[in-house]
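# Commentary on secondary and tertiary structure
What follows is each chain in one-letter form.
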Amino acid sequence: MHALSAGDVDLTTILADMTLPNPVMTASGCAAAGRELHQFFDVADLGAVVTKSIMRDPRSGRPTPRMAETPSGMLNSIGLQGPGIDAFLAVDLPWLVRRRARPIVSIAGSTLVEYAELARRVGQSPGVTAVEVNISCPNVENRGLVFACDPYQAAKVISVVRRETPPGVPVLAKLSPDVTSIVTVAESVMEAGATGLTLVNTLLGISIDTESLRPVLGGVTGGLSGPAIRPVALRCVWQVHQAMPEVPVVGVGGIASGQDALEFLLAGASAVQVGTVIFNDPGAPMRVVAELAAELAARGFAKAADAVGFAHRPARLPGDTG
Ligand code: DHB
């Protein structure tokens, strides 16, 4: 058998009714609407660009400081700062469409009515590849508004979004790992009409300044991201794929290399998102594409799709050559 090289690997990714040239996306919140990455690489070369969650109205966000470094990760409390849906649809989305990128638009609402309006307006906009529903933002005043922490509330949001989004536009539900059973929430939102799942959002954390003797973040608590959360995110993907192998999953949480991305594919993700690493290596998403191709080739996978869920197969016994 002759060895595969990275260039031979077919990275084409089919998930949740989308066909993408490769399985690597940006993670929401780590590169605004993609324009700031364009100086480092062509955003159209990514599988998709996932935009910072957009809300109906412009928002100035939470008090500063908004970021804190933590071991192998970071905490952030931005508070969904953003220009609001009018400016997003007038400026940011058309830019992505003109660049021939595949935009996955992340939406966040405080009420079902807001989610409905966002889904309708985003879904009707030409060039939108999918809607990602952020029901798991940790930085809301009222923790009762983390819809993804309650299977019933999560399903209510997803069914409203599904109803308002044109049938051809996939709806990805982005879930929180801060739950007792990720599978229960995953089942609930799939039943409510999600096309696929993004697993997972940040974990709720806190950091305390031992000089001021007060919380570091102006918002007190924040979302933990980066390599520190990778095993948790990977476990969520593993459990959901185990319970529902047919459900399309996008894996996210601390992915910084092609090897990290491969772990998520093996656990059952069909695609991955690269986030926190962008802050110190803006070229990371395209580096991960190249590294993933090399990692797959080195293990004899001719197609990325062949690796999806592979780790769930029974291990071969020593001496088993079949
Ligand atoms: C914010 C939103 C998120 O979904 C997240 O995981 C972290 C931070 C925010 O805007 O504050």
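Source: prediction; values computed, not measured.

So, how was this worked out
Every residue gets a number counted from 1 within its own chain, in the order that chain's sequence is written. Given that this is a predicted model, residues contribute local features only at a pLDDT of at least 70 and side-chain atom pairs are listed and counted only at 80 or more, while totals for whole chains, interfaces and linings are drawn from all residues. Excluding hydrogens and water, the side-chain figures rest on all heavy atoms present in the structure. Labels follow the DSSP assignment, with helices taken as runs of H or I lasting at least four residues and strands as runs of E lasting at least two, numbered in each case from the N terminus. All radius of gyration figures rest on C-alpha atoms, and the globule criterion is 2.2 Å times the number of residues raised to 0.38. Type-normalised accessible area, obtained with a 1.4 Å probe on protein chains alone, sets the label of each residue: buried when under 20%, exposed when over 50%, and partly exposed for intermediate values. Note on definitions: a residue-residue contact is assigned when non-hydrogen atoms from the two residues lie within 4.5 Å. Reported accessibility uses the Shrake-Rupley method at a 1.4 Å probe radius. Residues are deemed covered only where the shown protein chains occlude them. By the counting scheme adopted, Arg and Lys are positive, Glu and Asp are negative, and His together with the chain ends is not counted. Here the site of a charge means atom NZ of a Lys, CZ of an Arg, CG of an Asp or CD of a Glu. Axes here mean lines fitted to C-alpha atoms, for a helix over just the part in contact, with angles spanning 0 to 180 degrees between N-to-C directions. Helix crossings fall into two classes, left-handed where the near helix is turned counterclockwise from the far one by less than a right angle and right-handed where it is turned clockwise. Here the nonpolar group is Ala, Val, Leu, Ile, Met, Phe, Trp, Tyr, Cys and Pro; Asp, Glu, Lys and Arg are the charged ones; every other residue, Gly included, is treated as polar. Proximity is defined per residue: if any heavy atom of the residue lies within 4 Å of a molecule or strand, that residue is considered near it. Any pair of N or O atoms that falls within 3.5 Å is considered a polar contact. Within protein, one atom must be able to donate a hydrogen and the other to accept it, and sequence-neighbouring residues count only if both atoms are side-chain atoms. Two strands are counted as paired when DSSP detects at least two bridges linking them. Between Lys or Arg on one side and Asp or Glu on the other, a salt bridge is scored when a side-chain nitrogen of the former is within 4 Å of a carboxyl oxygen of the latter.

The number of helices and strands found in the protein is 7 helices and 16 strands. For 322 residues, the compact-globule estimate of 2.2 N^0.38 gives 20 Å, and the protein sits close to it at 19 Å. Principal-axis analysis of the C-alpha atoms gives the protein an extent of 60 × 50 × 40 Å. Per-residue burial for the protein yields a buried fraction of 55% across its 322 residues. Put simply, 71% of the contacts in the protein that link residues at least 6 apart link residues at least 24 apart. Accessible surface computed for the protein: about 13800 Å², of which carbon and sulfur atoms make up 54%. For the protein, the distance from the average site of its 25 positive side-chain charges to the average site of its 29 negative ones is 4 Å.

Moving on to the packing of helix α6 (residues 258-267) against helix α7 (residues 284-298). Put simply, α6 and α7 touch, their axes get as near as 7 Å, and they point 65° apart. Between α6 and α7 lies a crossing of right-handed hand. Facing α6, whose interface residues are Gly 258, Gln 259, Ala 261, Leu 262 and Leu 265, α7 presents Val 288, Glu 291, Leu 292, Glu 295 and Leu 296. The class makeup of the residues in the contact of α6 with α7 is 6 nonpolar, 2 polar and 2 charged.

Before going further, it helps to spend a moment on the site of the ligand. Around the ligand sit Lys 52, Asn 76, Ser 77, Ile 78, Gly 79, Leu 80, Asn 134, Cys 137, Pro 138, Asn 139, Asn 201 and Thr 202, and that is every residue in its neighbourhood. One of the side-chain N or O atoms of Lys 52 is found 2.7 Å from an oxygen atom in the ligand. Within the side chain of Asn 134, a nitrogen or oxygen atom sits 3.1 Å from an oxygen atom of the ligand. Contact with the protein chains removes 92% of the 290 Å² of surface that the ligand exposes when unbound. Taken together, the residues of the shell around the ligand break down into 4 nonpolar, 7 polar and 1 charged.

Overall, parallel pairing links the 8 strands, which are arranged β3-β16-β15-β10-β9-β8-β7-β4 in an open sheet. Only two strands of the sheet have a single partner each, and these edge strands are β3 (24-26) and β4 (49-50). Sheet analysis places strand β15 (residues 249-252) next to strand β16 (residues 271-274), joined by 3 bridges and oriented parallel. Paired with Val 250 across the strands is Ala 271, a residue of β16. Set on the sheet, helix α1 (residues 85-98) makes contact with β4 and β7 (103-107); between it and β7 the angle comes to about 150°.

What follows concerns the side chain of Ser 125. Here Ser 125 shows up in the loop between α2 (112-123) and β8 (130-134). Within the structure, Ser 125 has its side chain in polar contact with the backbone oxygen of Arg 121 (distance 2.8 Å). Apart from the residues lying within four places of it in its own chain, the contact partners of Ser 125 are Leu 89 and Leu 93.

With that out of the way, let us pick up the pattern of salt bridges. Going through the model one piece at a time under the given rule, you end up with 12 salt bridges. Here Arg 287 and Glu 291 are joined by a salt bridge, their closest N and O atoms 3.0 Å apart. Here Arg 287 and its partner Glu 291 are both found in helix α7, 4 residues apart, which amounts to about one turn of the helix. Take Glu 291: its relative accessible area is 25%, and that puts it in the partly exposed class. Shared partners join several salt bridges into a network, and the residues in it are Arg 56, Asp 57, Asp 86, Glu 114, Glu 117 and Arg 121.

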